[in-house]
Amino acid sequence: MRRFTSSYQGRLLRAPQFLTSGTSYTPPPGCRAILVELVGGGGGGAGAPTAVVSASAGSGGCGGGFAAKYFDNITGVPLTYAIGAGGAGGVGGANGAAGTDTTFAALGVTVTAQGGAGGPFMAAGVGGLQTSNDIEQSTSGDINASTTAGEGGICLSGTQGRSGTGGNTPWGSGGRGKASVAISGNGFAGLGYGAGGGGALTLNGSAAGTGAAGLAGAIRVWEFS
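Analysis parameters
Residues numbered from 1 in each chain as written. Predicted model: local features only at pLDDT ≥ 70, side-chain atom pairs only at ≥ 80, totals over all residues. Heavy atoms only, no water. Helix = DSSP H or I, 4+ residues; strand = E, 2+ residues; numbered from the N terminus. Buried < 20%, exposed > 50% of the residue type's maximum accessible area, 1.4 Å probe, protein only. Contact = heavy atoms within 4.5 Å. Areas by Shrake-Rupley, 256 points an atom, 1.4 Å probe, with all protein chains shown as cover. Lys, Arg positive; Asp, Glu negative; His and termini not counted. Charge placed at Lys NZ, Arg CZ, Asp CG, Glu CD. Pairing = 2+ DSSP bridges. Phe/Tyr/Trp six-rings, centres within 6.5 Å; stacked < 30°, edge-to-face > 60°. Salt bridge = Lys/Arg side-chain N within 4 Å of Asp/Glu carboxyl O. Core = buried A, V, L, I, M, F, W, Y, C linked by side-chain atoms within 4.5 Å. Axes fitted to C-alpha atoms, helices over the stretch in contact; angles between N-to-C directions.

Undergrad: So what exactly am I meant to see when it comes to the overall build of the protein chain here?
TA: Each helix and strand in the protein chain was counted, giving zero helices and 17 strands. Over its C-alpha atoms, taken along the principal directions, the protein chain stretches across nearly 65 × 30 × 25 Å. Here the protein chain holds 225 residues, and 52% of them are scored as buried. Considering only intrachain contacts with a sequence separation of at least 6, the fraction spanning at least 24 residues in the protein chain is 70%. When the accessible surface of the protein chain is totalled, it reaches about 9,300 Å², and 55% of it is carbon and sulfur. Across the protein chain, the 10 positively charged side chains and the 8 negatively charged ones have centroids separated by 8 Å.

Following this line, the structure appears as structure tokens:
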């Protein structure tokens, strides 16, 4: 694993700053270096179409990717960033939407934590295990972690199935899947930053369900003298 290196041995100036909105960050006076950690937006869980004498189980959305980078020689000028949005949940027979990237730009380098892919849906009446979603690698950090795949849904019969759990992040837990022989409906939302949404589940005779939306990403900045 690549290690952080720096010519400075300064002290931490204040508590780490969490950025969850906005587009511009200015280091405080006396700040010479920063450690930036990023999480991308989580993907939405898949929906599930109306199930008539059958079942459908949507997959969970991917969790957002993680990246971290140490910047030396930071001056007091504004630096730009973008917070990745969570993807919408799929409605009925539709996939969840992908989350968007979280980025941080400084000293000519743009670090990107990838947004999580949305969960794919399973057509009603198709038994077996649904495939999970693709994963993506974050870029330009000293540490670049991939997104965490959401869990695939599974159908055992028209009255039994389980929708997929959303992917996790270092700062968030994906929405759990629905699993029951009697309960169906919309997916469960995750908790924290960048978590993937849970997939929807429909069982014999139940109405279509909507996957839970993924959660927005975030940036944490450590500031050193």
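This is not the end of the story, as more comes after the structure.
Undergrad: Even after reading the chapter, I still don't get the pairing of strand 7 (residues 102–106), so can you show me in this structure?
TA: Moving residue by residue along a regular strand, the side chains alternate between the two faces of the sheet. Here strand 7 shows one buried face, formed by T102, F104 and A106, and one open face, formed by T103 and A105. When strand 6 (residues 79–82) meets strand 7, the two strands line up antiparallel, connected through three bridges. Bridge assignment links Y81 to a residue of strand 7, and that residue is F104. Count of turn residues in the strand 7/strand 8 (residues 109–113) antiparallel hairpin: two residues, of which L107 carries a positive phi of about 55 degrees.

Undergrad: What is the right way to look at the packing of aromatic side chains in this model?
TA: Remark: the centre distance and the inter-plane angle together describe each pair of aromatic rings, the angle taken between the planes. What the rule picks out here adds up to six aromatic pairs. A centroid spacing of 6.2 Å and a plane angle of 50 degrees characterise the contact between Y25 and F104, whose relative ring orientation is tilted. With Y25 in strand 2 (residues 24–25) and F104 in strand 7, this residue pair connects regions lying 79 residues apart in the sequence. Here Y25 and F104 have matching classes, each one buried.

Undergrad: Got a minute to help me understand the pattern of salt bridges in this structure?
TA: A side chain of one charge can pair with a side chain of the opposite charge when the charged atoms of the two come close. Here the structure, examined in full by the defined rule, presents four salt bridges. A salt bridge links R220 to E37; the nearest nitrogen and oxygen atoms lie 2.7 Å apart. With R220 in strand 17 (residues 218–224) and E37 in strand 3 (residues 33–39), this pair connects stretches of sequence that are 183 residues apart. E37 gets classed as buried once you look at its relative accessible area, which sits at 13%. The partner of R162 in a salt bridge is E151, and the shortest N-O contact between them spans 2.6 Å. Taken together, the residues R162 in strand 12 (residues 161–162) and E151 in the loop between strand 10 (143–145) and strand 11 (154–155) connect sequence positions eleven residues apart.

Undergrad: Please explain the sheet that holds strand 7 as it appears in this structure.
TA: Sheet strands line up and pair through hydrogen bonds in the backbone, either parallel or antiparallel. Judged by pairing direction, the sheet is antiparallel, and its four strands sit side by side in the order 2-6-7-8 without closing on themselves. Both outer strands of the open sheet, strand 2 and strand 8, are each paired with one neighbouring strand and no more. By the bridge criterion, two bridges tie strand 2 to strand 6 in an arrangement that is antiparallel. Note that in strand 6 the partner of Y25 across the bridge is L79.

Undergrad: Teacher, can you tell me more about the nonpolar core here?
TA: When a protein is soluble and globular, its nonpolar side chains tend to lie buried together. Core analysis: the largest hydrophobic core is formed by 17 residues, its most contacted members being Y25, I34, F71, F104 and I219. In terms of residue count, strand 3 provides more of this core than any other element does, three residues in total. Discounting chain neighbours no more than four positions away, the residues touching Y25 are L19, I34, V77, P78, L79, Y81, F104, V221 and E223. Membership of the second largest hydrophobic core comes to six residues, among which are A55, C155, L201 and L203.

Undergrad: Help me understand the sheet that holds strand 17, please; the structure alone is not making it clear to me.
TA: Ordered by their spatial adjacency, five strands build an open sheet running 1-17-3-5-10, and the pairing between neighbours is antiparallel. In this open sheet, the two strands that pair with only one neighbour each are strand 1 (17–19) and strand 10. Strand-to-strand, the axes of this sheet are offset by a mean angle of 15 degrees, without reference to chain direction. Bridging between strand 3 and strand 17 involves seven bridges; their strand directions are antiparallel. The residue bridging I34 from the neighbouring strand is E223, located in strand 17.

Undergrad: Honestly, the side chain of S56 in this entry has me stumped. Any pointers?
TA: With respect to the helices and strands, the residue S56 is situated in strand 4 (residues 56–57). Look at S56 and you get buried, because its relative accessible area is 0%. Residues contacting S56, with those up to four places away along its chain left out, are A48, P49, M122, A123, A124, C155, A200, L201 and T202.

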